[in-house]
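# Commentary on secondary and tertiary structure
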Amino acid sequence: MALFPDLEFINLNLQDATIHYYPNFLNLEQADRYFHYYLNHTTWQHDKITVFGKTYDQPRLTAFYSEHNEPLKYSDITMHPHNFEKEFLELKKNIEINTQSRYNCCLINLYRDGSDSNGWHADNEKQLGKNPIIASLTLGAERFFHLKHKTKKQLKHKILLKHGSLLLMKDKTQHFWLHQIPKTKKQIGKRINLTFRHIK
């Protein structure tokens, strides 16, 4: 039985994609509690990333947690996992029940302010399998999430991800769409993004 039986989602209805947005996945009290927990108890790392032959500090902090010892590899970065803690297992169970999917790892991003970002990409690493399911929870400051189709340039979309919301991407979404969190000049606070996924 679902822990949130009346939980509603918005279907973005994008071509070649299945994306559901749960604006109120967590209530305010839950979202605040998780935000402060992960902000203060996560072992953050700051990696280098190479783009067009130049190496930069990645414009956000990250951490990786998993049920097993398999590292996560993306953009020439290898992340070795920490063990899931009680708060992770509690949250992961709720997400699994409501999305009817199984996750065994979580990549966390900390966007410290509006100058932190995540460029255009798809979550299509071989480790994630053919049609990966990505459950992305937002805690803290609201940020716009941009989407664009890989081949049909006229197909674009953006959505404001609010504190305590969940964005679910599945089926063939990663084959046809790119997404990003762009920089903003607005004075905004910290945002923590937990992306639950399943490594094969």
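Refer to the structure presented above.
As a further point, take the pairing of strand β3 (residues 48-51). With four bridges joining them, β3 and strand β4 (residues 54-57) adopt antiparallel strand pairing. Bridging across to β4, Lys 48 finds its partner in Asp 57. Two successive antiparallel strands, β3 and β4, enclose a turn made up of two residues, where Phe 52 displays a positive phi of approximately 50 degrees.

Quick look at the side chain of Thr 195 now. Among the secondary structure elements, Thr 195 is positioned in strand β16 (residues 191-197). Residue Thr 195 is classed as buried on the basis of its relative accessible area, which comes to 6%. Those residues in contact with Thr 195 that lie beyond four places of it in its chain are Cys 105, Cys 106, Leu 107, Ile 134, Ala 135 and Ser 136.

One pass over the structure, following the stated rule, counts nine salt bridges. In this structure, the salt-bridge partner of Lys 152 is Asp 16, at a minimum N-O distance of 3.9 Å. One end of the pair, Lys 152, is in the loop between β12 (143-149) and β13 (156-161); the other, Asp 16, is in the loop between β1 (10-11) and β2 (18-22), with 136 residues separating them in the sequence. Overall, Lys 152 belongs to the partly exposed group, its relative accessible area being 30%. In this structure, Arg 33 engages Glu 90 in a salt bridge whose closest nitrogen and oxygen atoms are separated by 3.6 Å. Taken together, the residues Arg 33 in helix α1 (residues 28-41) and Glu 90 in helix α2 (residues 86-99) connect sequence positions 57 residues apart. Overall, Arg 33 belongs to the partly exposed group, its relative accessible area being 44%. Classification of Glu 90 as partly exposed rests on a relative accessible area of 34%. Salt bridges sharing partners connect three or more residues here, namely Glu 67, Lys 92, Glu 96 and Arg 102.

Conventions and cut-offs
- Every residue gets a number counted from 1 within its own chain, in the order that chain's sequence is written.
- Local features in this predicted model are restricted to residues whose pLDDT is 70 or higher, and side-chain atom pairs enter the listing and the counts only when it is 80 or higher, whereas totals over whole chains, interfaces and linings include all residues.
- Values reported for side chains reflect all heavy atoms of the structure, with hydrogen atoms and water molecules removed beforehand.
- DSSP-based pairing: two strands are paired if at least 2 bridges between them are found.
- Think of it this way: any DSSP run of H or I at least four residues long counts as a helix, any run of E at least two long counts as a strand, and we number them from the N terminus.
- Each residue gets one of three labels from its accessible area relative to the maximum for its type: buried under 20%, exposed over 50%, partly exposed in between, using a 1.4 Å probe on protein chains only.
- Contacts were defined at the residue level, with two residues in contact if any of their heavy atoms lie within 4.5 Å.
- Salt bridges are defined as contacts in which a side-chain nitrogen from Lys or Arg sits within 4 Å of a carboxyl oxygen from Asp or Glu.

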